[in-house]
Amino acid sequence: MSYVSEALDTTVRYTGKHTAVIVVTGDVDLHTAPVLRAEALTAMTQGARHLVLDMAEVDFVDSTGLSTLIVLLHAAQEAGGSLRVASVPERLVRMVTMTGIAELLPVHDTVAEALAALAALDVAEAVDDAGKEGVGGAADEGVVVSATASAGRGVEVSATASAGRGAEVSDVSATASADQGVDDAVGGTGPSR
């Protein structure tokens, strides 16, 4: 017998000019998935083309919930952005992996890690743009771009990227830290699950 909840709570936090974190609490199923879809699409109409879904408090996701993730992924991509999921509970990791969702959209251990990955992409794009502007000889020394942002809940994200002549990004790094003492480098080790 399947359990269907009619309770879903979402909280949207705008963490940057084009980024929103949506904290999802409850079950994402046939009855509640439209709420998540509406909140995410509203955030996108407010300018957030990059969305991070904080799934730490999600108890259950059915096939409608998984379809909603795919719909939101496509909507974000059409807006020139991305969708990432973070803090997926252990009980849901298997479903996300077995259904192939994890291959379609990035899954991060923490929201801070997801935001750091987005910051690294933004900085890499800025370096690429700056390098292209310098391709007439002005970029002899290369370009270095750095960004730091506060993501709320005591989370700080910073990213640095550099490029040599010809606008090729040669180094991108990002770091996220939270006041719980977590310092995860993108691609490094995060909290064990």
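Details of the structure are given in the entry above.
This write-up is about the structure you can find in this document.

Rules behind the numbers
- Residues numbered from 1 in each chain as written.
- Predicted model: local features only at pLDDT ≥ 70, side-chain atom pairs only at ≥ 80, totals over all residues.
- Heavy atoms only, no water.
- Salt bridge = Lys/Arg side-chain N within 4 Å of Asp/Glu carboxyl O.
- Helix = DSSP H or I, 4+ residues; strand = E, 2+ residues; numbered from the N terminus.
- Buried < 20%, exposed > 50% of the residue type's maximum accessible area, 1.4 Å probe, protein only.
- 1 Å grid on protein atoms, 1.4 Å probe; cavity = no way out; pocket = protein on both sides within 12 Å on 5 of 7 lines; lining within 4 Å.
- Points joined across faces, edges and corners; volume = space filled by probe spheres on them.
- Nonpolar A, V, L, I, M, F, W, Y, C, P; charged D, E, K, R; others polar.
- Contact = heavy atoms within 4.5 Å.
- Pairing = 2+ DSSP bridges.
- Axes fitted to C-alpha atoms, helices over the stretch in contact; angles between N-to-C directions.
- Lys, Arg positive; Asp, Glu negative; His and termini not counted.

**Details of the pattern of salt bridges**
And step 1. Applying the stated criterion to the full structure yields one salt bridge.
And step 2. Of the charged contacts, one joins Asp59 and Arg91 as a salt bridge, the two residues approaching to 3.1 Å between their closest N and O atoms. Of this pair, Asp59 sits in strand E3 (residues 50-61) while Arg91 sits in helix H3 (residues 90-98), and the two are 32 residues apart along the sequence.
And step 3. Judged by its relative accessible area of 47%, Asp59 falls in the partly exposed class.

**Remarks on unusual backbone geometry**
Glycine aside, residues mostly have negative phi angles, and peptide bonds mostly take the trans form.
And step 1. In this structure, Ser87 takes a positive phi of about 55° despite not being glycine.
And step 2. Tracing the backbone shows Ser87 in the loop between strand E4 (82-86) and H3.
And step 3. The exposure class assigned to Ser87 is buried, which follows from its relative accessible area of 14%.

**Focus on empty space enclosed by the protein**
And step 1. All chains considered together, the criterion is met by one cavity of 30 Å³ or more.
And step 2. Approximately 70 Å³ is the volume attributed to the largest cavity.
And step 3. Lining the largest cavity we find Met55, Val61, Leu66, Leu69, Val85, Val88, Leu92, Met95, Val96 and Ile101.
And step 4. For the lining of the largest cavity, the elements supplying multiple residues, two or more each, are E3, helix H2 (63-78) and H3.
And step 5. Class assignment of the residues belonging to the lining of the largest cavity gives a composition of 10 nonpolar, no polar and no charged.

**Some words on the environment of Asp9**
And step 1. In this fold, Asp9 is placed in strand E1 (residues 8-16).
And step 2. Each C-alpha atom of the pair Asp9 and Leu36 lies 8.4 Å from the other, and the pair is 27 residues apart in sequence.
And step 3. Discounting residues that sit within four places of it in the chain, Asp9 has contacts with Val23, Val24 and Thr25.

**Focus on the sheet that holds E1**
And step 1. Judged by pairing direction, the sheet is mixed, and its five strands sit side by side in the order E1-E2-E3-E4-E5 without closing on themselves. Since the sheet does not close on itself, it has two edges, and those belong to E1 and strand E5 (107-108), each with one partner.
And step 2. In the sheet, strand E2 (residues 19-28) pairs with E3 via nine bridges, with the strands oriented parallel. Across the sheet, residue Thr19 finds its bridge partner in E3, namely His50.
And step 3. Running over the sheet, H2 touches E2, E3 and E4 and is turned about 140° from E4.

**Some details on the side chain of Arg84**
And step 1. With respect to the helices and strands, the residue Arg84 is situated in strand E4.
And step 2. Put simply, Arg84 is tucked away with no salt bridge, and the nearest opposite charge, on Glu113, sits 8.2 Å away.
And step 3. When neighbours within four sequence positions are excluded, Arg84 is seen to be in contact with Leu51, Val52, Leu53, Leu105, Pro106, His108, Ala114, Ala117, Leu118 and Leu121.

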